[in-house]
Amino acid sequence: MRAKASDMHSKDCVKVAVRVRPFNKRERDAGSRCIVSMVSSSITIQDPCESQSRRIFCFDYAYWSHSSFAQDRGGLYVPEEPGGRYADQNSVFQDLGEGILENALQGYNATLLAYGQTGSGKSYSMVGYGPNKGLVPKLCDRLFQAIRENQDTRQCQVFFSMLEIYNEQVVDLLSRASRTPGGLRVREEQQRGFYVEGLRTVPCDSAAQVEQLMEQGTRTRTTAATNMNANSSRSHMLIILQLKQIFSKESITKQSNINLVDLAGSERQRSSGSEADRLKEGTAINLSLTTLGNVISSLADVAVGKKVVHIPYRDSVLTKLLQSALGGNSRTVMIATLSPADICYEESLSTLRYAERAKRIQNRAVVNESPTERLVKELKAENARLLQRLSRLGQEGRRANDETKELRQLLTHNELQIRAIQTLWEQHLQEALKDWEQQYANITQERRMMQMHPYILNINEDAQLSGVVKLFIQEGDWDIGLCDSSPRSISIKGLGIQERHAVFRNEQRRVTLTPLAGSKVIINGNAVFQTETELQHLDRLILGSNCTYLFVGYPSERGGDDWSRYDYDYFQSELAAAEGIHLGESSAESSQTDPSLLAVFYDYIKLMPMVAEANQMSQELNKGVQFKLEIKNLALSDSKGHDLQKEIVVRVTSLGRKQVWMWSKAKLVNRKFLMEEAYQQHQVETSGDNRVEALSTAAVPRDKDPFWDPVEPVLLGTAHLWLQSLAFRIPLEEQLEVLGSEGTEEAILQAQLVPCTSTGLPMGEDDILIDPSELLGRRLDFQLVLEQCCGLRWIREARNRGVQIGFRLFNCSQPLYSPAVWHNVNPLLDHRVHFASLHTSQRLLDYLQSSAVVLELWGLQEGCTDLISCLEGVRMTTEGIFIIEEAGPTDTALVDSAERSCSVRALQQDLEELKSVNASLRKENQSLREQLNAARNGGESVRGRSVRPSCDAEFARALKVFYHSMTSVKGQLQRLRRHRPSEESDLLGLRLFVDEQSRLLRDFSEQLEQSVSTLKQDVAAIVRRKRERSGIWS
Ligand SMILES: Nc1ncnc2c1ncn2[C@@H]1O[C@H](COP(=O)(O)OP(=O)(O)OP(=O)(O)O)[C@@H](O)[C@H]1O
Ligand SMILES: [Mg+2]
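Residues numbered from 1 in each chain as written. Chains lettered and ligands numbered in written order. Predicted model: local features only at pLDDT ≥ 70, side-chain atom pairs only at ≥ 80, totals over all residues. Heavy atoms only, no water.

Let us look at the overall build of the protein. Each helix and strand counted, the protein has 22 helices and 44 strands in total. Looking at the protein residue by residue over its 1034 residues, the buried ones come to 48%. Within the protein, residue pairs in contact and separated by at least 24 positions form 69% of the contacts whose partners lie at least 6 positions apart. For the protein, the exposed area adds up to about 51200 Å²; of that, 50% sits on carbon and sulfur atoms. (Helix = DSSP H or I, 4+ residues; strand = E, 2+ residues; numbered from the N terminus. Buried < 20%, exposed > 50% of the residue type's maximum accessible area, 1.4 Å probe, protein only. Contact = heavy atoms within 4.5 Å. Areas by Shrake-Rupley, 256 points an atom, 1.4 Å probe, with all protein chains shown as cover.)

See the structure below:
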């Protein structure tokens, strides 16, 4: 390629546009707030959690497509009022598309990239939906229009290619040959740079032709996604338009490549903290996207004058192909799409930051002159020279026969070459036209069929790919399944689809579906087994693990209904509802739904199909593991028992050895991607001739196997032991229900909290405090005793298991664990831990009065190592007492110095002795008093009591009773919080649930009232007695 001299040093910054879309259903359900505002081309994004925090960005263009729009009769989204602020597809095209076209016509390479999180509107902007055509079709329209307008001055040739990059493999979306295993190769040539070897380029001469090629490409993308079980949101789609303009008069040819790139969803892989996946390091979920980010960052650094040694273009397929678009010979535009909803804040902010970096990139675009055209020019020049020489030879009358012959031969050869170059285009075009006519005939045929027969329509997670595949159900019986040999079969591929999966019967304008033995068929959310079911227009079908189709009845049944509401989420929500997981009825129309609940619901329906697919892959690959979604209530691990968020976790069970793993959502998403890779590999290996070798290669080394993990202890459930009694030095003995994440009872745990002396002697009633603040600045000792676990469900299910209890107190950073006990359903734990606060602070007192120690029940399984208390950073005395409270100045010295600790021990011993002397004296005193009373009253009972304890002790006892009852009240409250309708809840089930809920509430309030009234009575009695006594003794 040669640059025009004048362009050699010109720099072009990447132009960046940002577009915000309308809220989607999920955001509307959540009553989302719009946190993005635009003024001219500057954008402000507001942190929904911090009203003071907002960021302002400035771009080349900003498009408000969020509100103030209406749909016209033709389905076009247009501004509500003429000249309104809504940016429709036309206005976006006018700014961005026209610029690209202009550049291309001038002979520059041009690139348009769409970047943004999944569902943010990349494809809407690039390709468009229905009548709302996006940049690509509009650009093609205008391109061919420009070609027609300029046909007097130049001859134009347009070549169209469409490819997809999925998991670093290039798939030709227009290829008619079957898919090349491993994808097409990306090669590099000095002149051309990187290119895809063997990519089909189709000559086109009309926008209709291009549109149809795009349709064909989308269809290939859809079938490839289902066949290979790949998620299209993770793939990048590239359309390459090559434009050649031959200006015969000026004898110049301009050639430009237009790259139109719809990138994969940009979701950041949120780190899952301590749950980081062992297989995460080696895999980049989307290497191309990560590398693109790195390239953009490096180029942005270069632009601000930082020294950058290396731009990592070569690290991924996408960046290789976009090398000229980024920092090279291209005029590049990026459209960053985002949702303005508060729940998307982090993703949107990250998109804006990304776009800001991209804005700094500087390219050096040049007008391109193609070598082929130069050749024609050179050949023509040579011919002219040859002709001149020939005529000179003739004039000179020299009949050098040989020389003339040679010159004439050369001339003819050159002429032929010129003609060959020029006719090649015509030929290609003719071939493409034939092809196009054939395709056109197919499409016309499909449209005719749609008007005659019922059919099923694919619904994809990516709305762009929905409705692309139509399978017609003509009169008679039709097998549907993998089979494609039988003439009366409808062939589909996908996970869990059997050779013969089900039978459609179309008889007397009624269509029924009968699943065949062993195949999975779900109609409108409900599984159907081998029974014939009549299908109604717009019924939802799920075949196999996740092939989703919408049934479209005979034209007479169709009416003018809007099918768009039956999207992928609809299918999954319906399925979740059948499992008992749904958003409340009222939530659909109100904006009251708790956002965290909504997030859990959407996580659930997002993960549900992934789990179904993972199960199917596990089965087909013989992995022997099963996946199941669970909703984990985080209140279980909150020390205040607050009903925090809920979270989705995946329970993984090995079928043979009954081992259990718990995966986080992030881990499943990561693993699912690796499973897909393994599955695709397996499919390639088992297809055709490779079938024999398959078994040997299917075995992945364990440490790389996405289905396998080393066995680890599993958190089975938790119990809360409330600490408030400790603040009064009242001992507590409890039978605690250990509840699993879904509210199931995992065991009963007997535990105690024993206030004690520093030597571990239990304190008595006389040590009970009325006012906890008496503890301030003083030492507090207590023991946590784990006595026994009863009825362990974990062990009942499989005897080769064990358990441990883990707990964490106050400011301990690491949990402590009881020793492991194995094979016993009711094991004795007999574990006692002594804690001490040397200098009790208000903070500790507050903690004791408001918190519980969360006792975690950990399940151990064969092959896993016990959980060990990590004592690093834990402060302990030489006697093994855990110090939970920062020591006061004097206490620090005591702990630090061994000598002083000895003297303290001695002092403490003295104190203990004194205390016991004191206690025996008290006893003696008491019996003396009794004798005295007996003597005074002559055996007459003193108001029914022979002992007159001090008011303080009475009060302490009353408090003890009260706190005991409060513990059970708190337990009841926990139960209430976790109480959920059962999975099969229909209307009746829900009624029963409501009844049960009211009963629990009633019990709760009764218990609470009773506790408070007992306390009141006790206090009143104490006060009364005190008054009476003061009357007697005064
Ligand atoms: N500007 C807009 N106006 C109206 N609807 C829009 C707009 N942008 C996006 N949408 C709608 O939002 C949905 C998701 O958009 P789209 O398919 O373009 O997302 P995407 O970014 O391509 O997602 P993915 O990464 O999954 O491919 C579509 O139903 C689309 O119709
Ligand atoms: Mg898309």
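A separate point is unusual backbone geometry. Negative phi is the rule for most residues except glycine; trans is the rule for most peptide bonds. If you check the backbone angles, Lys658 has positive phi at about 60° while not being a glycine. Take Lys658: it is sitting in the loop between β33 (646-654) and β34 (660-664). A positive phi angle is found at His823, which is not glycine, with a value near 60°. Residue position: His823 is located in the loop between β41 (821-822) and β42 (828-837).

By the element assignment, Asp88 lies in the loop between β8 (77-79) and α2 (89-106). Lacking a salt bridge, the buried Asp88 has Arg19 as its closest oppositely charged neighbour, with an N-O distance of 6.5 Å. Within the structure, Asp88 has its side chain in polar contact with the backbone nitrogen of Ser91 (distance 2.9 Å). Discounting residues that sit within four places of it in the chain, Asp88 has contacts with Arg19, Tyr77, Val78 and Pro79. (Lys, Arg positive; Asp, Glu negative; His and termini not counted. Salt bridge = Lys/Arg side-chain N within 4 Å of Asp/Glu carboxyl O. Polar contact = N/O pair within 3.5 Å; in protein donor to acceptor, adjacent residues only side chain to side chain.)

Here the structure, examined in full by the defined rule, presents 14 aromatic pairs. An angle of 50° between the planes, with centres 5.4 Å apart, marks the rings of Tyr455 and Phe472 as tilted. Of this pair, Tyr455 sits in strand β21 (residues 455-458) while Phe472 sits in strand β22 (residues 470-472), placing them 17 residues apart in sequence. Geometrically, the ring pair formed by Phe810 and Tyr847 is tilted, given 4.9 Å between the ring centres and 50° between the ring planes. Taken together, the residues span a long stretch of sequence, with Phe810 in the loop between β39 (802-807) and β40 (816-817) and Tyr847 in helix α18 (residues 842-850) at a distance of 37 residues. Note on accessibility: Phe810 and Tyr847 belong to one class, buried. Members of the aromatic cluster, each reached through a chain of ring pairs, are Phe69, Tyr77 and Tyr86. One Lys or Arg, Arg85, reaches over the ring of Trp64 and ends 4.1 Å from the middle of that ring. It is Arg671 that lies over the ring of Trp663; its NZ or CZ is 5.0 Å from the centre. (Phe/Tyr/Trp six-rings, centres within 6.5 Å; stacked < 30°, edge-to-face > 60°. Lys NZ or Arg CZ within 6 Å of the ring centre and 35° of its normal.)

Taking the UniProt record as the reference, the feature "binding site: ATP" (unreviewed entry) is found at Gly116, Gln117, Thr118, Gly119, Ser120, Gly121, Lys122 and Ser123. By the secondary structure assignment, Gly121 is in the loop between β9 (110-116) and α3 (122-126). Sequence-distant contacts of Lys122, that is, excluding residues within four places in its chain, are made with Ala114, Tyr115, Gly116, Gln117, Asp262, Leu263, Ala264, Gly265 and Thr337. Among the polar contacts listed, one links the side chain of Lys122 to the backbone oxygen of Gly116, at a separation of 3.0 Å. (UniProt positions renumbered as here; feature names shortened; annotations may be inferred.)

In the contact formed by α2 and helix α4 (residues 135-149), the axes pass within 9 Å of each other and the chain directions differ by 50°. Judged by the inter-axis angle, α2 sits oblique to α4. As α2 runs across α4, the sense of the crossing is right-handed. Every residue of α4 that contacts α2 at Gln89, Asn90, Val92, Phe93, Leu96, Gly97, Glu98, Ile100, Leu101 and Leu105 is listed here: Leu135, Lys138, Leu139, Arg142, Leu143 and Ala146. Looking at the contact of α2 with α4, its residues break down into ten nonpolar, three polar and three charged. (Axes fitted to C-alpha atoms, helices over the stretch in contact; angles between N-to-C directions. Parallel < 35°, antiparallel > 145°, perpendicular 65-115°, else oblique. Left-handed = near helix turned anticlockwise from the far one by under 90°. Nonpolar A, V, L, I, M, F, W, Y, C, P; charged D, E, K, R; others polar.)

Further remarks concern the site of ligand 1. Taken together, 17 residues are adjacent to ligand 1, and Gly119, Lys122, Ser123, Tyr124 and Tyr129 come closest. Gly121 is positioned with one of its backbone polar atoms (N or O) 3.1 Å from an oxygen atom of ligand 1. Tyr129 is positioned such that a nitrogen or oxygen atom in its side chain is 2.4 Å from an oxygen atom of ligand 1. The class makeup of the residues in the shell around ligand 1 is four nonpolar, nine polar and four charged. (Near = heavy atom within 4 Å.)

Attention now moves to the environment of Val853. Along the chain, Val853 falls in strand β43 (residues 852-860). With 69 residues separating them in the primary sequence, Val853 and Leu784 have C-alpha atoms 9.6 Å apart. Those residues in contact with Val853 that lie beyond four places of it in its chain are Ala719, His720, Leu721, Leu723, Phe807, Arg808 and Leu809.

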